[in-house]
Every structure is written in C-alpha cells, then in structure tokens.
Amino acid sequence: QLQLVESGGGLVQAGGSLRLSCAASGRTFGTSAMGWFRQAPGKEREFVAAISGSAAVIHYKDAVKGRFTISRDNAKNTAYLQMNSLKPEDTAVYYCAASTVFTVTPERYDYWGQGTQVTVSS
C-alpha cells in the first residue's frame, strides 16, 4: 500500500514555473508507475504525465509536451512534475497517483494523493 502527499503548488504568473513533488510512503514505490493528473473546476480529471517504475518509459499529454517534465527519485520515494512556461489553462488541482501498470487511464491507478492547487494568472 502507498500513501501519497503532493506539495509545491501555488500561484504563479503566466510564463512562470512550479515544481510539484509527490512523496510516497510504502515499499512498492520503486516498482509503481507514477502519474500526474489534473482537474479544473467543472471539468473531468485528465491525464498529464506518467513515468514507469524504472523511469524508462514516459508519456505526456500533448498540451504539456515541451513544457512539463516528469521524473522520479526512487531512493527518496518521490516523484516530481517540473512545470515551465505555465499558461492560465494549466490552472487546476494536480494529483499524483500510483499504479502497478504503466497507463494513462486514471481508473487504473490504485493510490492517489490529496491534490495541490496550481493557479496561473494571466
């Protein structure tokens, strides 16, 4: 079982950067795929990025390619989402999640953090 805690959200101007962290407790972090999702008000939760347990496989939502970078440090049981060139449309609650399989489907993720708010002002 994993417990996930996100941090690093906040208010930033368009064009700015934020780095989200997802700290995990549990022995299976290193073998779990990690995903980042986001949910804006009135919208469904959507996939942002995912990374396999070994970090060998990474996938991004098209809208964030070239701006966001997902990474992980298995020695620290932590996953990251570096967000650069932020846009107002990136405003959402961001969630990290863990899965036993590499997938972009939120329903396949077993463990979720509580979320962290990211607000990008224009």
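Refer to the preceding data block for the structure.
Our subject in this report is the structure included herewith. Predicted model, so just to flag it, every value in this text is computed and none were measured.

Procedures and definitions
- Residues numbered from 1 in each chain as written.
- Predicted model: local features only at pLDDT ≥ 70, side-chain atom pairs only at ≥ 80, totals over all residues.
- Heavy atoms only, no water.
- Helix = DSSP H or I, 4+ residues; strand = E, 2+ residues; numbered from the N terminus.
- Rg over C-alpha atoms; globule rule 2.2 N^0.38 Å.
- Buried < 20%, exposed > 50% of the residue type's maximum accessible area, 1.4 Å probe, protein only.
- Contact = heavy atoms within 4.5 Å.
- Areas by Shrake-Rupley, 256 points an atom, 1.4 Å probe, with all protein chains shown as cover.
- Lys, Arg positive; Asp, Glu negative; His and termini not counted.
- Charge placed at Lys NZ, Arg CZ, Asp CG, Glu CD.
- Salt bridge = Lys/Arg side-chain N within 4 Å of Asp/Glu carboxyl O.
- Pairing = 2+ DSSP bridges.

1. Details of the overall build of the protein
Counting its regular elements, the protein contains zero helices and eleven strands. Seen in sequence order, the protein has helices and strands lined up from the N terminus as β-β-β-β-β-β-β-β-β-β-β. Rg of the C-alpha trace for the protein: 13 Å, near the compact-globule value of 14 Å for 122 residues, within the 12% margin. Dimensions along the principal axes, computed over C-alpha positions, put the protein at roughly 40 × 25 × 25 Å. When each of the 122 residues of the protein is scored for burial, the buried share is 43%. Put simply, of all contacts in the protein between residues at least 6 apart along the chain, 57% involve residues at least 24 apart. When the accessible area of the protein is evaluated, it comes to approximately 6200 Å², of which 48% is carbon and sulfur surface. Looking at the protein, you have 12 positive and 9 negative side-chain charges, and the mean spots of the two groups are 5 Å apart.

2. Topic: the side chain of S52
Along the chain, the position of S52 falls in the loop between β5 (46-51) and β6 (58-60). Among all residues touching S52, those that are not within four sequence positions of it are S32, A33, V57, R72 and F102.

3. Considerations on the pattern of salt bridges
Enumeration according to the criterion identifies five salt bridges in this entry. With a shortest N-O distance of 2.6 Å, R38 and E46 are connected by a salt bridge. Classification of R38 as buried rests on a relative accessible area of 6%. Accessibility expressed as a relative area gives 29% for E46, which makes it partly exposed. In this structure, D90 and R67 form a salt bridge, with 2.7 Å as the shortest nitrogen-oxygen distance.

4. Re the pairing of strand β7 (residues 68-73)
Going residue by residue along β7, you find F68, I70 and R72 tucked away on one face and T69, S71 and D73 left uncovered on the opposite face. Across six bridges, β7 lies against strand β8 (residues 78-83) in antiparallel orientation. Paired with S71 across the bridge in β8 is Y80. The loop that links β7 with its antiparallel partner β8 comprises four residues; one of these, N77, has a positive phi angle of about 55°.

In short, shape yes, function no, at least from these values alone.
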